[in-house]
Every structure is written in C-alpha cells, then in structure tokens.
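Each chain, letter by letter, is given below.
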Amino acid sequence: MNENINIIKSEYIISAVSKAQYPEESLPEFAFIGRSNVGKSSLINSLCNRKNLARTSQTPGKTQTINFFRAVLKADDNFTPIHLVDLPGYGYAKTSKTNRRIWAKFIEEYLLSSPNLKFVCQLIDMRHAPMDSDKKFFAWLVENNVPVLVIATKSDKLSKNEQKKQIAVINNSFGIEELSILPYSSQNHSGRADLLDVIFNSSK
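Caption draft 1: Up close: the overall build of the chain. When its secondary structure is counted, the chain shows 5 helices and 7 strands. Taking all 204 residues of the chain together, 48% fall into the buried category. Contacts in the chain between residues at least 24 apart in sequence constitute 75% of all its contacts with a sequence separation of at least 6. Working note: accessible area of the chain is about 10,500 Å², and carbon and sulfur atoms make up 46% of it.

Okay, structure coming up:
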C-alpha cells in the first residue's frame with residue numbers, strides 16, 4: 001500500500017438524473033451507494049479531507065440526484081483526476097414511492113451504462129447485519145457484473161474484535177466466502193489510506 005496517496009483538490013461538478021447531464025470530462029469514476037443515512041456523504045468528505053464537500057443530513061433520502069465530484073489524486077509525482085459519484089440511498093427514505101422508482105431507474109441507468117465506472121463502493125453500517133435491501137442490491141451488482149467493494153462504515157463504534165465478528169456476519173449475509181470488506185470510519189479516517197490506494201490503482 002502506498003501511504004503517500006492523497007487527494008489534493010476536490011470540487012462539486014454537477015448533479016444528474018440522465019446520461020445527458022453527466023460531466024463532459026471523461027474520467028475514472030468511483031461510485032458510492034448504500035442505505036439512506038449509512039454515511040455516503042460523510043465518507044466522501046473524509047476521503048477528500050473536506051467538511052462540507054458532499055452535503056450530509058440526518059434526514060434519510062436527502063441525496064436525490066447523482067452528484068459528481070472531481071478530485072485529484074497525488075501519488076508521489078503522479079497526479080490523477082477522477083470523479084467520485086454520490087448516488088441516492090436505497091431503502092427507507094422520506095419521499096414517495098414514485099420518487100424512489102424514479103431514483104431506481106436513473107441509478108440503474110448509470111451503473112449499467114457509464115463507460116467510466118471502475119467500481120461501486122457499497123456501504124454497510126458495520127454495527128448491524130446487512131438488511132434485505134443491502135443483500136438484494138449486492139446480488140444485483142454481482143448479477144450485472146458491476147465491480148463492487150463493500151465498505152463497512154462507522155468502524156470507530158466497534159472494538160477490533162467486534163469488527164472481526166461483524167465482517168464475518170456481512171460475509172455470511174452476502175453468501176460469498178472471503179469477500180473483501182474494508183472497515184472505514186469517517187470520524188477518525190480509519191481505512192482512508194486503504195481506500196485511496198485501491199482507487200488509485202484502479203484509476204490507471
């Protein structure tokens with residue numbers, strides 16, 4: 001792992017609900033999705049070392065569009081621009097069923113059609129076993145050959161032993177032995193260097 005990888009610049013680019021609205025600049029894309037309020041925006045802020053780059057909210061379903069952020073990775077003397085993509089949460093959200101169906105449609109369109117998507121980070125709250133919506137979405141990604149990295153958020157809330165137990169629970173829930181799961185804490189940035197390393201190596 002290269003400990004010297006960092007994001008030296010990040011900015012919001014555009015929000016989209018269709019292909020026509022995606023950024024014109026073609027860059028490697030890394031998308032973030034999970035249940036509403038799992039901490040997607042907080043993780044993006046942590047990754048970029050910014051407080052309010054991606055808007056966070058206590059209200060489930062706050063993110064209602066595909067939000068693109070441009071970031072520049074620096075590794076030694078190498079500078080690599082990428083897009084971080086914040087997707088609306090699935091599962092419970094304080095919005096209508098009609099809105100949720102619309103979200104599902106443009107999320108699916110993006111995940112299946114973006115030529116720049118390198119992988120999806122599916123966020124799971126490490127304190128709990130994956131819910132049915134988590135398992136269904138993971139299965140959908142696998143069935144559609146969309147590369148996925150499972151990130152167990154809020155790892156700072158658990159001891160190291162508890163983290164190991166919960167990782168085993170997530171593995172069993174998804175039915176895949178030795179599934180690579182990355183523990184992450186947006187509070188103390190634990191896991192940040194590992195995730196930046198994976199993103200950098202996938203962006204080449």
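Caption draft 2: Layout of the environment of serine 18. When you line up the elements, serine 18 lands in the loop between β1 (6-16) and β2 (29-34). By relative accessible area, which is 23% here, serine 18 ends up partly exposed. Through-space distance from the C-alpha of serine 18 to that of tyrosine 110 is 7.8 Å; in sequence the pair is 92 residues apart.

Caption draft 3: Here's a closer look at the side chain of threonine 153. As for its position among the elements, threonine 153 is in strand β6 (residues 148-153). Here threonine 153 falls in the buried class, since its relative accessible area comes to 5%. Among the polar contacts made by the side chain of threonine 153, one reaches the main-chain carbonyl oxygen of valine 38 at a distance of 3.2 Å.

Caption draft 4: View of the sheet that holds strand β5 (residues 117-125). Taken together, 7 strands build an open sheet; the order of strands is β1-β3-β4-β2-β5-β6-β7 and the sheet is mixed. Only two strands of the sheet have a single neighbouring strand rather than two, namely β1 and β7 (181-183). Neighbouring strand axes in the sheet, compared pairwise and without regard to direction, differ in orientation by 25° on average. Across 9 bridges, strand β3 (residues 66-75) lies against strand β4 (residues 78-86) in antiparallel orientation. Considered in β4, the bridge of arginine 70 is made with histidine 83.

Caption draft 5: Spatial organisation of unusual backbone geometry. Positive phi values are uncommon outside glycine, yet asparagine 49 reaches one of about 55°. Locating asparagine 49 in the fold gives a position in the loop between α1 (40-48) and β3. Using a relative accessible area of 57% as the deciding quantity, one classes asparagine 49 as exposed. The backbone of asparagine 145 shows a phi angle near 55°, a positive value even though the residue is not glycine. Within the element layout of this structure, asparagine 145 appears in the loop between α3 (132-143) and β6. Looking at asparagine 145, the relative accessible area reads 68%, which means it is exposed.

Thresholds, definitions, all that
Residues numbered from 1 in each chain as written. Predicted model: local features only at pLDDT ≥ 70, side-chain atom pairs only at ≥ 80, totals over all residues. Heavy atoms only, no water. Helix = DSSP H or I, 4+ residues; strand = E, 2+ residues; numbered from the N terminus. Buried < 20%, exposed > 50% of the residue type's maximum accessible area, 1.4 Å probe, protein only. Contact = heavy atoms within 4.5 Å. Areas by Shrake-Rupley, 256 points an atom, 1.4 Å probe, with all protein chains shown as cover. Polar contact = N/O pair within 3.5 Å; in protein donor to acceptor, adjacent residues only side chain to side chain. Pairing = 2+ DSSP bridges. Axes fitted to C-alpha atoms, helices over the stretch in contact; angles between N-to-C directions.

What is shown is where atoms sit, not what they do.
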